Protein chains: 2
Amino acid sequence: MKDQDIANLVNLLGQQARKASRILMVASDQAKAHALRSMATQLESRKTWLQDENAKDLETARRNQLSPALLDRLTLSDKALQTMITGLRQIADMPDPVGSQTATVTRPNGMRVSQMRVPLGVIGIIYESRPNVTIDAAALCLKSGNATILRGGSEAFHSNRALGQIIQAGLKEAGLPEQAVQVVDTTDRAAVGCLITLTDYIDVIIPRGGKGLITRLAAEAKVPLLKHLDGNCHVYIDRAADPDKAHDIAVNAKTYRYGVCGAMETLLVHEDIAPAVLPRIANTLTSKGVELRGCDKTRALVPQASAATEEDWQTEYLAPILAIRVVNTLDEAINHIAHYSSGHTEAIVTEHIGAATQFQRYVDSSSVYVNLPTCFADGFEYGLGAEIGISTNRMHARGPVGLEGLTTLKWVLTGDGQLRG
Amino acid sequence: MKDQDIANLVNLLGQQARKASRILMVASDQAKAHALRSMATQLESRKTWLQDENAKDLETARRNQLSPALLDRLTLSDKALQTMITGLRQIADMPDPVGSQTATVTRPNGMRVSQMRVPLGVIGIIYESRPNVTIDAAALCLKSGNATILRGGSEAFHSNRALGQIIQAGLKEAGLPEQAVQVVDTTDRAAVGCLITLTDYIDVIIPRGGKGLITRLAAEAKVPLLKHLDGNCHVYIDRAADPDKAHDIAVNAKTYRYGVCGAMETLLVHEDIAPAVLPRIANTLTSKGVELRGCDKTRALVPQASAATEEDWQTEYLAPILAIRVVNTLDEAINHIAHYSSGHTEAIVTEHIGAATQFQRYVDSSSVYVNLPTCFADGFEYGLGAEIGISTNRMHARGPVGLEGLTTLKWVLTGDGQLRG
């Protein structure tokens, strides 16, 4: 397609989304839940067709020699479909965030002031080749009353188109506008450039993917992004830590899963407790195949650790590698985190109430834990029911973003003819 | 100054602000209130010096033939200073939003989840030649724990520099870092371009000024803007309105002050009630010197109205002019607002609960009123105690923005060694 044709296409999708969003904004939860349940039913009944469409993408992907990990993510296996179906039904059952109001304040002149939760409007999702995002993101946006424009990776083109048809059929069955969820029907990369600058019709873009994609989008976007970059997460073992908890938390934070953004990447240990905890933690991690890189004081206690460089403190490994640093004080740990952290999730292990309070108050990340491993960074674990992603933005939503993060508040005032003097 | 020198200067201000913000973020309310009260005292004791500095700006402004209205805004009169002093003391006395926590939820595994209110970080304020903004904005940002970089209009250069010195003296007296509030000490416009792209050191920019300035900044900014554009505000008189209330609300909404962003710019009237209310409202407005422009049905009832054009529905007059349209239904009013409103503030006048509910639910503006004039759009009136501005953003803060809008939430989780399975 020519660039102008793509611009026209994206513009049209935007106009249609805005129109649909005005209906969705005030749609009943009954209708939204009906649509989500209907999508689930169709994922079951049209499974063969879906997997045939998916096979086209897989064939191309194999021809292009995609890595086994990427092929795995791309595959609409029975299990992957079942997870989507369960997810749709769970989201359908969640309470509708839209229309709820905050406590009402009555002003001296008698007028009543409150805030009503309302959808953000139109949300653009830009993601890589994971067809499950098509369903998850569309479902969360729909439940929160937002229209959605989905732009998935080109490797999942046929799969996403098929899933889009199922989504639209579900919307139609529930009497909702089909254009409430639209899949961008071109693999041309220029479409992304159009989406991120379409300020008239798109209220927020949620990019899901690697740091490279998100940094690039952030540099060019005019539409606000609800984003998270990397998760360079820290665990600090305080002087007053319980050694057993410290061991278990550090090991869990690193090894729960290496590839998640809440995985611990640097371990900080107070020098007074380091001899008592560090060798044991190091040995457990080594036995699990984790490579250790440490400061000089660490290496004096952990002979298997290689020397950490400046780059190690900055790195989100997403791999079985851990940087370790011994610090003299709680302040030094807080300063290390302020300098190197990406503002995602940090934890302190301590039995001392003052240290815990100071750490939670002074550490400026989107989630700050006491006596918990950083790998709890997940909307389900926080009780949000579901999450669209984790935000390291300071404005709007920070940390795991659930349905509420996809909404905003408007002021509603009710009076009886009060005038301003 | 050369562009590179300006870039270096702004970068340095940013670095210093970030450093100061880390201290301010956890400063006690006692210290912040002390600084604000000390600023108030110094505005009193150094009045002569301030007015001498202000006189330099006024002399240049007169030489450059600034309008009387602009000269008036620029003048640090005794009265203007007294307003600033009162404002500083009021803000000092307000409750500190920082450090408060939301209700705590205990998860099934026993870990406790809550959100703590924390400052946004570093806030840039870009404004026109109103020295009072220097004090007001710095005070609100300081109270909410944010570091501030202030860039006022070049016409107020000496006034702002002098006010900046008083602010920094107040910070110093309270033991807070002087660089918590910095005035950009150059009138070069290139400094603005640097500020709005300094994403490493500035978390949010609040522009205050005309639509032209804000549109220009929005087009080039990389730092998120907390902004409002124009206020094309509507009052809709429903079929079920009380005619007396309708008259008083419409007149107040238009004439409270013509130049405020909450002023009514278009009046919508249901055709069933138009004959009973419109001539009376029109006559009152005409007697107050308001020019009326109406649709055909309006003109049949209001002979003094000229014909409204498409442009009238789009215009924020900020002047004694009003557009009037007779509509057939509540839906037509809602659709007119959806099409033409700038999303600021709209009101319905009605005694019918269904119409009121529908209007507040369906109208997608930052404030939606029942039986109140749109000119109530002001943080003080809403009970916020003070306001930094009114946001028509959808994300983060919408409507009048007080101290809470200058903060964000971080997740704080506390456990006792729970692990993720």
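Since this is a predicted model, take the numbers as computed values, not measurements.

Conventions and cut-offs
Residues numbered from 1 in each chain as written. Chains lettered and ligands numbered in written order. Predicted model: local features only at pLDDT ≥ 70, side-chain atom pairs only at ≥ 80, totals over all residues. Heavy atoms only, no water. Buried < 20%, exposed > 50% of the residue type's maximum accessible area, 1.4 Å probe, protein only. Pairing = 2+ DSSP bridges. Helix = DSSP H or I, 4+ residues; strand = E, 2+ residues; numbered from the N terminus. Contact = heavy atoms within 4.5 Å. Axes fitted to C-alpha atoms, helices over the stretch in contact; angles between N-to-C directions. UniProt positions renumbered as here; feature names shortened; annotations may be inferred. Buried area = accessible area lost by both parts, 1.4 Å probe. Salt bridge = Lys/Arg side-chain N within 4 Å of Asp/Glu carboxyl O. Nonpolar A, V, L, I, M, F, W, Y, C, P; charged D, E, K, R; others polar. Disulfide = S-S within 2.5 Å. Least-squares fit on C-alpha atoms with pLDDT ≥ 70 in both. Phe/Tyr/Trp six-rings, centres within 6.5 Å; stacked < 30°, edge-to-face > 60°. Lys NZ or Arg CZ within 6 Å of the ring centre and 35° of its normal. Domains from an automatic or database assignment.

### Overview of unusual backbone geometry
Positioned with a positive phi, Gln-65 of chain A is a non-glycine residue whose angle comes to about 55 degrees. A relative accessible area of 69% means that Gln-65 of chain A is categorised as exposed.

### A short note on the sheet that holds strand S11 (residues 321-327) of chain A
For sheets, the rule is that strands pair by backbone hydrogen bonds, running either parallel or antiparallel. Strand order in the open sheet formed by 10 strands is S10(A)-S9(A)-S11(A)-S8(A)-S7(A)-S12(A)-S13(A)-S16(B)-S2(B)-S1(B), with mixed pairing between adjacent strands. The strands lining the two open edges of the sheet, one partner per strand, are strand S10 (306-307) of chain A together with strand S1 (105-106) of chain B. The sheet contact formed by strand S9 (residues 291-294) of chain A and S10 of chain A spans 2 bridges and is parallel. By the bridge assignment for S10 of chain A, Arg-293 of chain A is matched with Ser-306 of chain A. Relative to strand S8 (residues 264-270) of chain A, helix H10 (residues 243-255) of chain A is tilted by about 160 degrees, and along the sheet it contacts strand S7 (233-237), S8, S11 and strand S12 (345-349) of chain A.

### Here's the deal with the UniProt feature "domain: Aldehyde dehydrogenase" (unreviewed entry) in chain A
Feature annotation in UniProt assigns "domain: Aldehyde dehydrogenase" (unreviewed entry) to the following positions: residues 73-288 and 313-377 of chain A. As a span, residues 313-377 of chain A carries 35% helix and 25% strand, and end to end its C-alpha atoms are 20 Å apart.

### Some thoughts on the interface of chain B and chain A
Taken together, the contacts link 74 residues of chain B with 74 residues of chain A. With both sides pooled, the region where chain B packs onto chain A buries about 6300 Å², and carbon together with sulfur makes up 54% of that total. Per-residue buried area on chain B facing chain A is highest for Met-395, Trp-411 and Arg-420 of chain B; these three make up 15% of the total on that side. Where chain B touches chain A, the interface holds 6 salt bridges. Broken down by element, the side of chain B that touches chain A gets its largest block of residues, 7 residues, from strand S16 (residues 407-414) of chain B. When its residues are assigned to classes, the side of chain B that touches chain A shows 39 nonpolar, 19 polar and 16 charged. Across 4 bridges, the pairing between strand S13 (residues 367-370) of chain A and S16 of chain B is parallel. Across the sheet, Tyr-369 of chain A pairs through a bridge with Leu-413 of chain B, a residue of S16 of chain B.

### Here we look at the state of the cysteines
Residues and elements named next belong to chain A. Summed over all chains, the structure comprises 0 disulfides over all chains. A disulfide-free cysteine, Cys-233 has its sulfur positioned 6.8 Å from the sulfur of Cys-261, the nearest such atom. A relative accessible area of 0% places Cys-233 in the buried class. Residue Cys-261 is classed as buried on the basis of its relative accessible area of 19%.

### So, the relation of the copies chain B and chain A
Superposing chain B onto chain A takes a rotation of 180 degrees combined with a translation of 0.0 Å along the rotation axis, leaving an RMSD of 0.0 Å. Viewed as a symmetry operation, the transformation between the two copies matches a two-fold axis. In terms of proximity to the rotation axis, the leading residue of chain B is His-396 of chain B, whose C-alpha is 1.9 Å off the axis.

### Details of the packing of aromatic side chains
Under the criterion given, the structure shown has 6 aromatic pairs over all chains. Taking 5.1 Å as the distance between ring centres and 65 degrees as the angle between the ring planes, the aromatic pair formed by Tyr-382 of chain A and Trp-411 of chain B counts as edge-to-face. Highlighted residues: Tyr-382 of chain A in helix H16 (residues 379-382) and Trp-411 of chain B in strand S16, drawn from two different chains. Side by side, Tyr-382 of chain A and Trp-411 of chain B carry an identical accessibility label, which is buried. Three or more aromatic residues joined by ring pairs form one cluster here, namely Tyr-369 and Tyr-382 of chain A together with Trp-411 of chain B. Residue placement shows Arg-46 of chain A over the ring face of Trp-49 of chain A; its charged tip is 4.5 Å from the ring centre.

### Things to note about the domain arrangement of chain A
For chain A, the domain assignment lists domain 1 (3-227 + 401-412) and domain 2 (233-380). Centre-to-centre, using C-alpha coordinates, domain 1 of chain A lies 36 Å away from domain 2 of chain A.

### Focus on the environment of Ala-241 of chain B
Residue and element names in this part refer to chain B. Its location among the elements puts Ala-241 in the loop between strand S7 (233-237) and helix H10 (243-255). A sequence separation of 32 residues divides Ala-241 from Ile-273, and the C-alpha atoms of the two residues are 7.9 Å apart. Once residues lying within four places of it in the same chain are set aside, the contact partners of Ala-241 are Ala-246, Ile-273, Val-349, Thr-350 and Glu-351.

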